[in-house]
Amino acid sequence: MSNHLVVTAMGTDRPGLVGRLSRLVSECECDIVDSRMALFGNEFTLILMISGSWSSITRIETQLPILSVELELMTVMKRTSPHTAQNYVSRIEVSFNGEDQRGTMNTITQFLADRSLDLAAVRSHAEVNDELKTQSILLSINIPDKVDLLKLETSIHQLAEQLNLECHVKRMQGIAAP
């Protein structure tokens, strides 16, 4: 039976960090099942889901703190299990764009939570152009069968209008517009 470990690593960006971490995973006879990497300012961030035997995962848990000190990384580890896919009938991608306003992400995510919608992914970015601070938010939202997709799209556009943001909704997984 395969065991799973989620590892988050963060530190000052420099060449070779991903290589050193992936080498440790390989040396411990584990596999990288999923990964995400991003740069925030000068900070490198990496999230890995690793699988392997119980003893292999234990080796990673033992050796990663030593490597983390050597690489000057802050790391967090947590054992987990494989993701159990829910029965969603569709997925939509929603993009919001416009002038940056404090609290926008909170308003949008609360809107989704109030409707018990599952966020599959979130990406946001803010930048300053000609003294105007703009934001872009991209969400992937899993849609269960009980949700009226047309009503949801309408309410998302109404939310965008309230926030004074441009909004585009794209249906995924072969769901056609009515």
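Residues numbered from 1 in each chain as written. Predicted model: local features only at pLDDT ≥ 70, side-chain atom pairs only at ≥ 80, totals over all residues. Heavy atoms only, no water.

Visitor: Is there a simple way to explain the sheet that holds strand β1 (residues 3–12) in this structure?
Guide: Across a sheet, strands are paired by hydrogen bonds formed along the backbone, either parallel or antiparallel in direction. Strand order in this open sheet of four strands is β2-β3-β1-β4, and the pairing throughout is antiparallel. Of all the strands in the sheet, just β2 (31–40) and β4 (74–80) have a single pairing partner and so form its edges. Direction aside, the axes of adjacent strands within the sheet are offset by 10° on average. Helix α1 (residues 17–27) rests against β1, β2 and β3 (43–52) of the sheet, and its axis sits at about 15° to β3. Relative to the sheet, helix α2 (residues 54–71) contacts β1, β3 and β4, its axis offset from that of β4 by approximately 170°. (Pairing = 2+ DSSP bridges. Helix = DSSP H or I, 4+ residues; strand = E, 2+ residues; numbered from the N terminus. Axes fitted to C-alpha atoms, helices over the stretch in contact; angles between N-to-C directions. Contact = heavy atoms within 4.5 Å.)

Visitor: I keep staring at the side chain of E153 and nothing clicks. Help me out?
Guide: Considering the arrangement of structural elements, one finds E153 in helix α4 (residues 149–162). Here E153 falls in the buried class, since its relative accessible area comes to 13%. For E153, the residues in contact, after removing those within four places along its chain, are V169 and R171. (Buried < 20%, exposed > 50% of the residue type's maximum accessible area, 1.4 Å probe, protein only.)

Visitor: Which parts of the structure should I look at to understand the environment of T107?
Guide: Residue placement: T107 occurs in helix α3 (residues 104–114). With relative accessibility at 33%, the residue T107 sits in the partly exposed group. Separated by 59 residues in the primary sequence, T107 and E166 place their C-alpha atoms 15 Å from one another. Apart from the residues lying within four places of it in its own chain, the contact partners of T107 are L159 and L163.

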